[in-house]
Amino acid sequence: MHNPHDVSYKRLFSSPELVADLLTGFVHEPWVDELNFKTLEKVNGHYVSDDFREREDDIIWRVQHKNKWIYIYLLIEFQSTIDTYMALRVPLYSLLLYQDLIQSKTIKQGDKLPPIFPVVLYNGETRWNSATELSDLIIDLPGGLEQYKPSAKYLLLDEGCYTNDTLKPLKNLVAAIFRLENAQTPDEVGEVIDNLLDWLKSPEQAIIKRNFTLWIKRVLLSD
């Protein structure tokens, strides 16, 4: 990912506030309510697989859940075509993260591995229709072999599936991104920007405000 859109998104989601809003606004599961968002910490996302393809553009955070770390692995997809084998790619990247945590001795010898929560954020024009579960990519073969079928799942956030009526009531920075991406008229864009100016007016939010400004200028207003 090296086009301006990709770089802008990576910069936005390099802010803990955006990651917190993504989890609280779009992951409706009980464990999210138990996270200590004050502990959000960005993790080095530079991993090299055996075929030397670098995964330096993925965004990885960790956050504490009852004094235990959970890793949030955020993959941002701007492909014009949908990847049929995303459900295979995601667990491969998660395994690389586990390998790095072991090699760096972040995980002590004998300790169990921390949970990884993988999220695929997709904003292509075509609605996502590929499997989100690895086992769905594998042929069913009964007779005992099915028990060895690997299972791994990711959460898909397909921006185009969210309507403005759903997003508008949310005071949420990620919802604002989705609304801007899906906006059909200048008035819709202006309304969201007005909301952002109101939400991001405090001095400590200056960096997020600047990142939003850069993204809007480089992506939404570049045509």
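In the block above lies the structure referred to throughout.
Residues numbered from 1 in each chain as written. Predicted model: local features only at pLDDT ≥ 70, side-chain atom pairs only at ≥ 80, totals over all residues. Heavy atoms only, no water.

Chemist: Help me get a handle on unusual backbone geometry, residues and values and all.
Modeler: One non-glycine residue, Lys66, lies in the positive phi region at around 55°. Mapped onto the secondary structure, Lys66 falls in the loop between strand S2 (59-65) and strand S3 (68-77). We classify Lys66 as exposed; its relative accessible area is 58%. Of note in the backbone geometry, Lys105 takes a positive phi value of approximately 65° without being a glycine. One can find Lys105 in the loop between helix H3 (86-103) and strand S4 (116-122). Judged by its relative accessible area of 68%, Lys105 is exposed. (Helix = DSSP H or I, 4+ residues; strand = E, 2+ residues; numbered from the N terminus. Buried < 20%, exposed > 50% of the residue type's maximum accessible area, 1.4 Å probe, protein only.)

Chemist: Which residues make up the packing of helix H2 (residues 16-26) against helix H5 (residues 173-182), and what values do they have?
Modeler: At their nearest, the axes of H2 and H5 sit 7 Å apart, and the two run at 85° to each other. Looking at the two axes, H2 sits roughly perpendicular to H5. When H2 is examined against H5, the residues Glu17, Leu18, Asp21, Leu22 and Phe26 are found in contact with a partner set consisting of Leu173, Val174, Ala175, Ile177 and Phe178. Taken together, the residues that form the contact of H2 with H5 break down as 8 nonpolar, no polar and 2 charged. (Axes fitted to C-alpha atoms, helices over the stretch in contact; angles between N-to-C directions. Parallel < 35°, antiparallel > 145°, perpendicular 65-115°, else oblique. Contact = heavy atoms within 4.5 Å. Nonpolar A, V, L, I, M, F, W, Y, C, P; charged D, E, K, R; others polar.)

Chemist: I'd love a proper account of the sheet that holds S2, names of residues and values included.
Modeler: Across the sheet, 5 strands lie side by side as S1-S2-S3-S4-S5; this open sheet has mixed pairing. Looking at which strands have only one partner, the edges of the open sheet turn out to be strand S1 (35-43) and strand S5 (155-158). With direction set aside, neighbouring strand axes in the sheet form an average angle of 25°. Bridge count for S4 against S5 is 4 bridges, and the pairing is parallel. In the sheet register, Leu121 faces S5, and the bridge partner there is Leu157. (Pairing = 2+ DSSP bridges.)

Chemist: How would you summarise the side chain of Ser15 if you had to cite specific residues and measurements?
Modeler: Assignment of secondary structure puts Ser15 in the loop between helix H1 (4-12) and H2. Filtering out sequence-adjacent residues up to four positions away, Ser15 remains in contact with Trp61, Ile208 and Asn211.

Chemist: Report on the environment of Pro91, specifying residues and quantitative values.
Modeler: One can find Pro91 in helix H3. Linking Pro91 and Lys153, residues 62 residues apart in sequence, is a C-alpha distance of 7.8 Å. If we skip the residues at most four places from it in the chain, Pro91 touches Met86, Leu134 and Ala152.

Chemist: So what's going on with the nonpolar core? Which residues, and what values?
Modeler: Of all hydrophobic cores here, the largest spans 42 residues; its most connected members are Phe13, Leu23, Trp31, Ile177, Leu196 and Phe212. Sorting elements by how many residues they give to this core places H5 first, with 7 residues. In contact with Leu196, other than residues within four places in its own chain, are Leu173, Ala176, Leu180 and Phe212. Membership of the second largest hydrophobic core comes to 21 residues, among which are Ile82, Val90, Tyr93 and Tyr122. (Core = buried A, V, L, I, M, F, W, Y, C linked by side-chain atoms within 4.5 Å.)

Chemist: Before we move on, could you go through the pattern of salt bridges and cite the residues and values that matter?
Modeler: In the structure shown here, the tally under the stated rule is 8 salt bridges. Ionic pairing is found between Arg89 and Asp83, a salt bridge with its closest N-O pair at 2.7 Å. Accessibility classification places Arg89 together with Asp83 in one group, the buried group. A salt bridge links Glu191 to Arg179, with the nearest nitrogen and oxygen atoms 3.3 Å apart. Of the two residues, Glu191 sits in helix H6 (residues 186-199) while Arg179 sits in helix H5, which places them 12 residues apart along the sequence. Classification of Glu191 as partly exposed rests on a relative accessible area of 30%. Because the salt bridges share partners, they merge into one network encompassing Lys168, Arg179 and Glu191. (Salt bridge = Lys/Arg side-chain N within 4 Å of Asp/Glu carboxyl O.)

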